[in-house]
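Structural description and commentary
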Amino acid sequence: QVQLVESGGGLVQAGGSLRLSCAASRSIFSIRAMGWYRQAPGKQRELVATITRTGSTNYTDAVKGRFTISRDTAESTVYLQMNSLKPEDTAVYYCYAVPVVGVYWGQGTQVTVSS
């Protein structure tokens, strides 16, 4: 099992930046994949970015070139650097982890981008 705690959300103007953090309760070195989903009001949860155990990354088209996912295995933390934010990025952002079996989720952090 692994517990995930997100932080770093908030209110920002369009064009601004935020960095989300996802702290894991144990080492993330062997976790197969971690990443971020988001869910806007009235919409389905959307995969935003993923980073694998080998360091490979993947992004949804809507955030490519603006968001960067990274991880610090020493700190057992995954980050999502979000630049050039747009109002349509407004959502609750959830961290997830896939150790070996099952998927674990954080509680979510709200990101609001004003126009």
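Just above sits the structure.
Now for a quick tour of the structure. Just so you know, these numbers come straight off a predicted model, no measurement behind them.

**Side note on the sheet that holds strand E7 (residues 67-72)**
Spatially, four strands are ordered E1-E3-E8-E7 in an open sheet, and the strand pairing comes out antiparallel. Edge positions in the sheet fall to strand E1 (4-7) and E7, since each has one partner strand and no second. Strand-to-strand twist in this sheet, taken as the mean axis angle between neighbours without regard to direction, amounts to 15 degrees. Both strand E3 (residues 18-24) and strand E8 (residues 77-82) contribute to a ladder of six bridges, which runs antiparallel.

**Brief notes about the state of the cysteines**
Applying the stated criterion across every chain yields a total of one disulfide. Each sulfur of the disulfide joining Cys22 and Cys95 lies 2.0 Å from the other. The sign of the -75 degrees torsion about the S-S bond sets the Cys22-Cys95 disulfide as left-handed. Of this pair, Cys22 sits in strand E3 while Cys95 sits in strand E9 (residues 91-98), and the two are 73 residues apart along the sequence. The same class applies to Cys22 and to Cys95, which are both buried.

**Some points on the pattern of salt bridges**
Taken as a whole, this structure holds four salt bridges when the rule is applied. A salt bridge links Arg38 to Glu46, with the shortest nitrogen-to-oxygen separation between them at 2.8 Å. Take Arg38: its relative accessible area is 7%, and that puts it in the buried class. Asp89 is the salt-bridge partner of Arg66, the closest N and O atoms lying 2.7 Å from each other. In this pair, Arg66 sits in the loop between strand E6 (57-59) and E7 while Asp89 sits in the loop between E8 and E9, placing the two residues 23 residues apart along the sequence. There is no split in this pair, since Arg66 and Asp89 are both buried. Here the salt bridges do not stand alone but share partners, grouping Arg38, Glu46, Arg66 and Asp89 into one network.

What counts, and at which threshold
- Residues numbered from 1 in each chain as written.
- Predicted model: local features only at pLDDT ≥ 70, side-chain atom pairs only at ≥ 80, totals over all residues.
- Heavy atoms only, no water.
- Pairing = 2+ DSSP bridges.
- Helix = DSSP H or I, 4+ residues; strand = E, 2+ residues; numbered from the N terminus.
- Axes fitted to C-alpha atoms, helices over the stretch in contact; angles between N-to-C directions.
- Disulfide = S-S within 2.5 Å.
- Buried < 20%, exposed > 50% of the residue type's maximum accessible area, 1.4 Å probe, protein only.
- Salt bridge = Lys/Arg side-chain N within 4 Å of Asp/Glu carboxyl O.

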